[in-house]
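Read off the chains here:
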Amino acid sequence: MSMVRCDGVVQIYRAQDVEVVALRDVDLVIDRGETVALLGPSGAGKSTLLWLLAGLSRPSAGRLWLDGVEVGRLDQRALDRLRASKIGVVLQNPSRNLIGYLPAAQNVAFAQRAVRRDRRRVRDLLSRVGLDDAGDRPAGRMSGGEQQRLALAVALANSPRLLLADEPTSQLDPGAGRRVIDLIKESAEAEGTTAVVVTHDVAVSEALGRTVTIRDGRVGSEGRRGEDFVVVGREGAVQVPPEYHHLLPPGSMARIEPLEDGVVLRRAES
Ligand SMILES: Nc1ncnc2c1ncn2[C@@H]1O[C@H](COP(=O)(O)OP(=O)(O)OP(=O)(O)O)[C@@H](O)[C@H]1O
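These numbers were taken from a predicted model, which means no experiment stands behind them. (Residues numbered from 1 in each chain as written. Predicted model: local features only at pLDDT ≥ 70, side-chain atom pairs only at ≥ 80, totals over all residues. Heavy atoms only, no water.)

### Considerations on the site of the ligand
- Near the ligand there are 13 residues, and of these Ser 42, Gly 43, Lys 46, Ser 47 and Thr 48 occur at the shortest range.
- In the environment of the ligand, an oxygen atom lies 2.6 Å from a nitrogen or oxygen atom belonging to the side chain of Ser 42.
- When the ligand is considered free in solution it has 640 Å² of accessible area, and contact with the protein chains removes 62% of it.
- Among the elements of the structure, strand S2 (18-31) and helix H1 (46-53) are those that each provide at least two residues to the shell around the ligand.
- Considering each element in turn, the shell around the ligand owes the most residues, three residues, to H1. (Near = heavy atom within 4 Å. Polar contact = N/O pair within 3.5 Å; in protein donor to acceptor, adjacent residues only side chain to side chain. Areas by Shrake-Rupley, 256 points an atom, 1.4 Å probe, with all protein chains shown as cover. Helix = DSSP H or I, 4+ residues; strand = E, 2+ residues; numbered from the N terminus.)

### Some words on the packing of helix H4 (residues 119-128) against helix H6 (residues 174-191)
- Axis separation between H4 and H6 bottoms out at 10 Å; the angle between their running directions is 140°. When the axis of H4 is compared with that of H6, the two are oblique. On H6, the residues that touch Arg 121, Leu 125, Ser 127 and Arg 128 of H4 are Arg 179, Leu 183, Glu 186 and Glu 191.
- Residue composition of the contact of H4 with H6, by class: two nonpolar, one polar and five charged. (Axes fitted to C-alpha atoms, helices over the stretch in contact; angles between N-to-C directions. Parallel < 35°, antiparallel > 145°, perpendicular 65-115°, else oblique. Contact = heavy atoms within 4.5 Å. Nonpolar A, V, L, I, M, F, W, Y, C, P; charged D, E, K, R; others polar.)

### Overview of the UniProt feature "domain: ABC transporter" (unreviewed entry) in the chain
- Those places that UniProt annotates as "domain: ABC transporter" (unreviewed entry) correspond, in this numbering, to residues 4-241.
- Along residues 4-241 one finds 31% helix and 29% strand; the C-alpha atoms at either end are 25 Å apart. (UniProt positions renumbered as here; feature names shortened; annotations may be inferred.)

### Section: a positive patch on the surface
- Among the surface-exposed residues, Arg 113, Arg 117, Arg 119, Arg 120 and Arg 123 lie close enough to one another that they form a single positively charged patch.
- The topology assignment puts Arg 119 in helix H4.
- Classification of Arg 119 as exposed rests on a relative accessible area of 69%. (Patch = residues over 30% accessible without salt bridge, like charges linked within 9 Å, V, L, I, M, F, W, Y side chains within 5 Å. Salt bridge = Lys/Arg side-chain N within 4 Å of Asp/Glu carboxyl O. Lys, Arg positive; Asp, Glu negative; His and termini not counted. Charge placed at Lys NZ, Arg CZ, Asp CG, Glu CD. Buried < 20%, exposed > 50% of the residue type's maximum accessible area, 1.4 Å probe, protein only.)

### Observations concerning the nonpolar core
- Ranked by size, the top nonpolar core spans 37 residues in total, and within it Val 108, Leu 150, Leu 152 and Ile 184 carry the most contacts.
- Elements with a minimum of two residues in this core: strand S3 (35-39), helix H3 (104-110), H4, helix H5 (144-156), strand S7 (162-166), H6, strand S8 (194-198) and helix H7 (202-207).
- The greatest single-element share of this core, amounting to seven residues, is contributed by H5.
- If sequence neighbours within four positions are ignored, Ile 184 has contacts with Leu 152, Leu 163, Ala 195, Val 197 and Leu 208.
- Counting 31 residues, the second largest nonpolar core, distinct from the first, contains Val 36, Ala 44, Leu 64 and Ile 214. (Core = buried A, V, L, I, M, F, W, Y, C linked by side-chain atoms within 4.5 Å.)

### Details of the sheet that holds S2
- Taken in spatial order, the four strands make up an open sheet running S2-S1-S4-S5, and their pairing is antiparallel. Edge positions in the open sheet fall to S2 and strand S5 (69-70), since each of these has one partner strand only.
- With five bridges connecting them, strand S1 (residues 2-15) and strand S4 (residues 61-66) associate as antiparallel partners. Looking across to S4, one finds that Arg 5 is bridged to Trp 65.
- Sitting on the sheet, H1 is in contact with S1, S2 and S4, with an inclination near 120° to S1. (Pairing = 2+ DSSP bridges.)

### Some details on the environment of Thr 48
- Looking at the secondary structure, you find Thr 48 in helix H1.
- C-alpha of Thr 48 to C-alpha of Gly 217: the two residues are 169 residues apart in sequence and 9.2 Å apart in space.

### Considering the sheet that holds strand S10 (residues 218-224)
- An order of S6-S7-S8-S3-S9-S10-S11 is seen for the seven strands of this open sheet, with the pairing classed as mixed. Each edge of the sheet is formed by a strand with only one pairing partner; in this case those strands are strand S6 (87-90) and strand S11 (227-230). The mean inter-strand angle of the sheet, taken between neighbouring strand axes irrespective of direction, is 20°.
- Across six bridges, the pairing between strand S9 (residues 210-215) and S10 is antiparallel. What sits directly across from Ile 214, in S10, is Val 219.
- Lying over the sheet, H1 contacts S3, S6, S7, S8 and S9, oriented at roughly 150° with respect to S7.
- Contacts from helix H2 (residues 76-86) reach S6 and S7 within the one sheet, and its direction differs from that of S6 by about 75°.

Listed below in structure tokens is the structure:
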């Protein structure tokens, strides 16, 4: 069964009189144990999608399943329970994941409140993010990079089925970034944790099993094993990647030439 299934997911923000369509008809299936890098330009809708997958808001339209359960059918309490027991989240600003006055180790332990407490896992996670000796330090007194690593330990504390992380290496040097990547991959391999990671860090996207690129609120392309593919969306729509806009600029006319295994798009001379 898939861990994540989005079926025509739409997300609209309403601020005063203005509506922003952040996601439009997102179709996406992520299997259990997959590691996915969510890529795309600023404002494309990556954080919005992550927020929905975290159960932190509900889609404006469309259907979303997490671990086989349709989110729209859960009441708030059931959704909170699903989040606490099955989902781990690293938000973009790491301090938002942490309780500043609590020592690091207690932050990790607190994240186990909905599952069985496991002190060994707390110690092990702190060690794997390179914070072995920092367990007694209040999270609020840690550097941005330390908080970012602690936030990952907190997100993994409850052995989540689904790990969601928004730019988890943005404040880390390459060595610490590598540890974070390794921990995400090892969790997937050893525990079957599905991971979806928003990132601009090439080291992260290259290390994960699959890339999904969001452009203008849609799944524009996907990459597997180093090869990129455009995705034919609903009603047959395809996004021409920006690197080919000089050949086929947005708004230009094109001819479609059928081949046996697909079609070719050629700019029509005006
Ligand atoms: N709370 C909000 N209210 C109104 N509009 C919002 C809100 N959050 C996001 N948006 C808008 O929704 C769109 C998608 O934003 P989102 O943060 O999901 O993009 P992103 O791909 O994560 O960008 P970045 O890489 O810069 O973080 C943008 O146009 C953004 O301005």
